[in-house]
Amino acid sequence: RHRDEPPLVAPIGFSVVTDLSGIVKAYDVRGVVGEELDDAVVRNIGAALARLLRSEDATTSAVVVGYDMRDSSPTLSAAFAEGVTGQGLDVVSIGLASTDMLYYASGVLELPGAMFTASHNPARYNGIKLCRAGASPIGQDTGLAAIREAVEQGVPDGPGGGRVTERNLLEDYADYLRGLVDLAGTRPLKVVVDAGNGMAGHTVPAVLGGDGTDLDVVPLYFELDGSFPNHEANPLDPANLVDLQKRVVAEGADLGLAFDGDADRCFVVDER
């Protein structure tokens, strides 16, 4: 298009994409931002999810939404919220979150949820992990295929009227995790944590650095940066553990932890 021409806009209720087979996986949605995944697609996924949830339970009132540190995550999550609220459901936004923090929110608030992340995938990707209330995952056999079909066929406009509210659950989440373990009498530990510029840089200070822990946390790559300037946030690749391994030895630490991008996966290295 010439820059003076009006932008191409899909109707709110319908997506210009008619085939989502490339991005709807077995357990989540993932794709290259701007090529496979954009605001229109995500808006309609939000609308389709809302319609599915309301068809299953007419009392469903809201969806809780979190997102990771990728540059595209705030915009995509906002488009998703438009789709949900356009169908008459509210959205509770918890903002920056790890995936397990979103699952915690789904459980404690008793709401279905959506987490915007591409986990350990490179920076150009993003995605959505969906769950029902209680963090029960939504996969191909439990609703994701129906959502895909609804988006491909065109999601009808809803009644609108949904609202977006914000809620900060970071400290509640951290308190909950520390409450799972009796920390009384544990010996002091020095722990190097490689966040890989992912969401562990947001959650680890609250969880491991809070009251009641006797941990000396040595942070490595805690700055939230979805471009992953130091290494990919994928600890499955041994190359991404090298910096952590070196730092553990240099610090004389007891332990090293490496998290993936959305901090729901953790690899452990010992003092050697």
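Structure shown above.
Below is a short write-up of the structure.

Parameters and conventions
All residue numbers here refer to positions counted from 1 along the written sequence of the relevant chain. In keeping with the predicted nature of the model, local features appear solely for residues at pLDDT of at least 70, side-chain atom pairs appear and are counted solely at 80 or more, and the whole-chain, interface and lining totals rest on all residues. The side-chain quantities take in all heavy atoms of the structure and omit both hydrogens and water. Whenever Lys or Arg places a side-chain nitrogen within 4 Å of a carboxyl oxygen from Asp or Glu, that contact is recorded as a salt bridge. Strands here are runs of E lasting at least two residues and helices are runs of H or I lasting at least four, both read from the DSSP assignment and numbered beginning at the N terminus. Only protein chains enter the accessibility calculation, which uses a 1.4 Å probe. A residue is then buried if its area is under 20% of the maximum for its type, exposed if over 50%, and partly exposed in between. In this analysis, the expected span of each helix is defined as 1.5 Å times one less than the number of residues it contains. Working rule for contacts: check all heavy atoms of both residues, and any pair within 4.5 Å makes them a contact. Definition of nonpolar core: a set of buried residues of the types Ala, Val, Leu, Ile, Met, Phe, Trp, Tyr and Cys, connected through side-chain atoms within 4.5 Å. Each patch is built from residues that are more than 30% exposed by relative accessible area and take part in no salt bridge. Like charges join if they lie within 9 Å; nonpolar side chains (Val, Leu, Ile, Met, Phe, Trp, Tyr) join within 5 Å. To measure how exposed things are, a 1.4 Å probe is used in the Shrake-Rupley method; for residues, cover is taken only from the protein chains shown. In summary, the pairing rule links any two rings of Phe, Tyr or Trp, Trp by its six-membered ring, whose centres are within 6.5 Å, and it sorts them by plane angle into stacked for under 30 degrees, edge-to-face for over 60 and tilted for everything else. In this description, strands pair whenever DSSP reports at least two bridges between them. Axes, fitted as lines to C-alpha atoms, cover a helix only where it is in contact. Angles between the N-to-C directions of the axes lie from 0 to 180 degrees. Oblique is the label for any angle not under 35 degrees, not over 145, and not in the 65 to 115 range, which are roughly parallel, roughly antiparallel and roughly perpendicular in turn. Left-handed describes a crossing whose near helix is turned anticlockwise from the far helix through less than a right angle; right-handed describes the clockwise counterpart. When residues are sorted by character, Ala, Val, Leu, Ile, Met, Phe, Trp, Tyr, Cys and Pro go into the nonpolar class, Asp, Glu, Lys and Arg into the charged class, and all the rest, Gly among them, into the polar class.

**Observations regarding the pattern of salt bridges**
- Using the criterion set out here, one finds 15 salt bridges in the structure.
- Across the salt bridge formed by arginine 148 and aspartate 19, the nearest N and O atoms sit 3.8 Å from each other. Here arginine 148, found in helix H4 (residues 144-153), pairs with aspartate 19, found in the segment before strand S1 (29-32); they are 129 residues apart in sequence, far enough to count as distant.
- Its salt-bridge partner being lysine 129, residue aspartate 264 comes within 3.2 Å of it at the nearest N-O pair. Highlighted residues: aspartate 264 in the loop between strand S10 (255-259) and strand S11 (266-269) and lysine 129 in strand S5 (residues 125-132), separated in sequence by 135 residues.
- Sharing partners across several salt bridges, the network here consists of Asp19, Arg148 and Glu152.

**Describing unusual backbone geometry**
- Backbone geometry at alanine 135 places phi at a positive 65 degrees, although glycine is not the residue there.
- By relative accessible area, alanine 135 is classed as partly exposed at 23%.

**Thoughts on helix H2 (residues 73-86)**
- Over its 14 residues, H2 extends 20 Å from the first C-alpha to the last, a length consistent with the 20 Å expected when each residue adds 1.5 Å.
- Those residues of H2 that fall on the buried side of the exposure criterion are Ser73, Leu76, Ser77, Ala79, Phe80, Ala81, Gly83, Val84 and Thr85.
- Check the buried side of H2 and you find it contacts helix H1 (39-56), strand S2 (62-67), strand S3 (90-96), strand S4 (113-116), S5 and strand S7 (164-166).
- Once H2 ends, the next one or two residues include glycine 88, with phi positive near 95 degrees.

**With respect to the nonpolar core**
- Ranked by size, the top nonpolar core spans 33 residues in total, and within it Phe80, Phe116 and Leu130 carry the most contacts.
- At the level of elements, H1, S2, H2, S4, S5 and H4 are the ones that each hand at least two residues to this core.
- By residue number, the principal contributor to this core is H1, which donates 9 residues.
- Setting aside residues no more than four positions away along its own chain, leucine 130 makes contact with Leu49, Phe80, Gly113, Ala114, Pro137, Ile138, Leu144 and Ile147.
- If you look at the next biggest cluster of nonpolar residues, it comprises 19 residues, including Val64, Val92, Ala97 and Val207.

**Quick word on a nonpolar patch on the surface**
- On the surface, a nonpolar cluster with roughly 320 Å² of combined accessible area is contributed by Tyr176, Leu180 and Val181.
- Considering the arrangement of structural elements, one finds valine 181 in the loop between helix H5 (170-178) and strand S8 (189-194).

**Some thoughts on the packing of aromatic side chains**
- Tallied over the full model, the rule gives 3 aromatic pairs.
- Consider the rings of tyrosine 104 and tyrosine 176, whose centres lie 5.3 Å apart with planes at 40 degrees: the pair is tilted. Of the two residues, tyrosine 104 sits in helix H3 (residues 99-109) while tyrosine 176 sits in helix H5, which places them 72 residues apart along the sequence.
- On the basis of relative accessible area, tyrosine 104 is assigned to the buried category, the value being 15%.
- With relative accessibility at 46%, the residue tyrosine 176 sits in the partly exposed group.
- Members of the aromatic cluster, joined through ring pairs, are Tyr104, Tyr173 and Tyr176.

**With respect to the pairing of S5**
- With 6 of 8 residues buried, S5 lies mostly within the body of the structure.
- Pairing between S1 and S5: 4 bridges, direction antiparallel. Each bridged residue has a counterpart across the sheet, and for glycine 31 the counterpart in S5 is asparagine 126.
- Judged from the 4 bridges that link them, S4 and S5 form a sheet pairing that is antiparallel. Along S5, the bridge assignment pairs methionine 115 with lysine 129.
- Sheet analysis places S5 next to strand S6 (residues 136-137), joined by 2 bridges and oriented antiparallel. Paired with arginine 132 across the bridge in S6 is serine 136.

**Things to note about the packing of H1 against H2**
- Where H1 meets H2, the axes come as close as 7 Å, and the angle between the chain directions of the two elements is 40 degrees. Of the possible angle classes, the one that applies to H1 and H2 is oblique. Once H1 is placed against H2, the crossing between them reads as right-handed. Here Asp39, Val42, Arg43, Ile45, Gly46, Ala47, Leu49 and Ala50 of H1 lie close against H2, whose contacting residues are Thr75, Leu76, Ala79, Phe80, Glu82, Gly83 and Val84.

**Here we look at the packing of H3 against H5**
- In the contact formed by H3 and H5, the axes pass within 10 Å of each other and the chain directions differ by 90 degrees. In terms of their interaxial angle, H3 and H5 are classed as roughly perpendicular. Contact with H3, carried on its side by Asp100, Met101 and Tyr104, involves Leu170, Asp172, Tyr173 and Tyr176 of H5 and no other residues of that element.
- Taken together, the residues that form the contact of H3 with H5 break down as 5 nonpolar, no polar and 2 charged.

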